[in-house]
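The chain contents come next:
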Amino acid sequence: MKIPVPIVQNPGRSFGKVNEIYSCYRPIYPQQLFDTILMSVKGPYLDAVDLGAGTGISTRWLSTVFQRVTAIEPDKNMTKAGEFPQNVEILNSSGETAKLKANTYQLVTSGNAFYWMDAKSVLNNISEWLEPDGTLAVFRYDFPKIHNREIDDLINEHLYRYWDMYRHERLKDTDFSFREISGCSLFKNVAIERIPYFMKWDAEKLVGFLRSTSYVSKYESTLDNKKEYIEDLYKKIKFAAMDNCFIADMSLELILAENVKN
Ligand SMILES: C[S@@+](CC[C@H](N)C(=O)[O-])C[C@H]1O[C@@H](n2cnc3c(N)ncnc32)[C@H](O)[C@@H]1O
């Protein structure tokens, strides 16, 4: 018998449905990520853009370094759930339709968001907004790798048995961002690096993170016994964890590129 595969619409625009979970459980990014990005930005640090800013995790860091930051985020429920400092202007629009001043920004960042966009149209916009030689920094992490065999096997079993059919192809096409940016003539010196990031998590943090993803939240929304399913997953993880703690590998892929426009 053929198992029906649901048609997955672009779920990158549905994070607002889990905005509270997102703001509680998505981890902040490591300092090493920001240090590495800054090394490639020529000062002075005046204007930056955070594209697909969500609840503002990386926007808040940008706002400590740059005088002015523009957070572009199409989903008002995401910006509502976040905190944005005074020097941040929120633009509730998509990367494809946002209108910003040309030749103005030293840095555009996009964390766990670029792969949801129409890359060609957004890269055109970013190139226009950036100053000549301005920096584009695109970063993302993958499905968590847990340094506890039992827990890692458990979440992978759930991934392939229940969640994978709701994972958008773009999340599985891990080369997407690098391919699009390096294939775009508007950017040069495209480099990719790995930023190690290991966190001490417990069952609540792991389940919370998973529930904040587009695919687990979508799977959850199809269930009649949602509460029981989540509680059962939580209990199994807690039972398998030593002292309820384990290391989650959330290492990041960072792509840096320089605007060629002059
Ligand atoms: C996984 S969240 C990442 C949010 C934030 N950058 C972070 O690191 O936590 C992806 C975000 O991209 C936004 N997004 C989806 N499509 C977009 C588009 N076409 N233009 C701009 N943002 C988009 C979503 O609304 C969502 O807030």
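To keep things clear, this report deals only with the structure shown in the data block.

About the criteria used
Residues numbered from 1 in each chain as written. Predicted model: local features only at pLDDT ≥ 70, side-chain atom pairs only at ≥ 80, totals over all residues. Heavy atoms only, no water. Near = heavy atom within 4 Å. Polar contact = N/O pair within 3.5 Å; in protein donor to acceptor, adjacent residues only side chain to side chain. Areas by Shrake-Rupley, 256 points an atom, 1.4 Å probe, with all protein chains shown as cover. Nonpolar A, V, L, I, M, F, W, Y, C, P; charged D, E, K, R; others polar. Core = buried A, V, L, I, M, F, W, Y, C linked by side-chain atoms within 4.5 Å. Buried < 20%, exposed > 50% of the residue type's maximum accessible area, 1.4 Å probe, protein only. Helix = DSSP H or I, 4+ residues; strand = E, 2+ residues; numbered from the N terminus. Contact = heavy atoms within 4.5 Å. Pairing = 2+ DSSP bridges. Axes fitted to C-alpha atoms, helices over the stretch in contact; angles between N-to-C directions. Phe/Tyr/Trp six-rings, centres within 6.5 Å; stacked < 30°, edge-to-face > 60°.

Here we come to the site of the ligand. In the neighbourhood of the ligand, 21 residues make up the surrounding shell, with Tyr22, Tyr29, Gly52, Glu73 and Gly111 lying closest. Contact between the ligand and Tyr29: an oxygen atom at 2.4 Å from a side-chain N or O atom of the residue. Contacts to the ligand include Glu96, whose side-chain N or O atom sits 2.9 Å from a nitrogen atom. Protein coverage of the free-state accessible area of the ligand, which is 600 Å², stands at 99%. Looking at the shell around the ligand, its residues break down into ten nonpolar, seven polar and four charged.

Before going further, it helps to examine the nonpolar core. As a rule of thumb, soluble globular proteins bury nonpolar side chains together. Residues Ile126, Trp163 and Ile237 are the most contacted members of the largest nonpolar core, which totals 83 residues. Tallying contributions element by element places strand E5 (residues 130–141) first for this core, with six residues. Apart from residues no more than four positions distant in its own chain, Ile126 is found in contact with Leu51, Val108, Leu136 and Phe187.

The subject of this paragraph is the sheet that holds strand E8 (residues 198–201). Here three strands make up an open sheet; going across it, the order is E6-E9-E8 and the pairing antiparallel. The open sheet has two free edges, formed respectively by strand E6 (145–146) and E8, since each of these has just one partner strand. Inspection of the sheet shows E8 paired to strand E9 (residues 246–249) by four bridges, in the antiparallel sense. Counterpart to Lys200 in the pairing with E9 is Ile247. On the sheet, helix H9 (residues 203–211) packs against E6, E8 and E9 and is oriented at approximately 115° with respect to E8.

Attention now moves to the packing of aromatic side chains. Applying the stated criterion across every chain, the model contains 15 aromatic pairs. Seen in terms of ring centroids, Tyr29 and Tyr141 are 6.1 Å apart; in terms of plane orientation they differ by 40°. Their pairing is tilted. One end of the pair, Tyr29, is in the loop between helix H1 (19–25) and helix H2 (31–39); the other, Tyr141, is in strand E5, with 112 residues separating them in the sequence. Residue classification places Tyr141 among the buried positions, given a relative accessible area of 7%. Relative to Phe209, the ring of Trp201 lies with its centre 5.6 Å away and its plane at 40°, an arrangement referred to as tilted. For Phe209, a relative accessible area of 2% puts it in the buried group.

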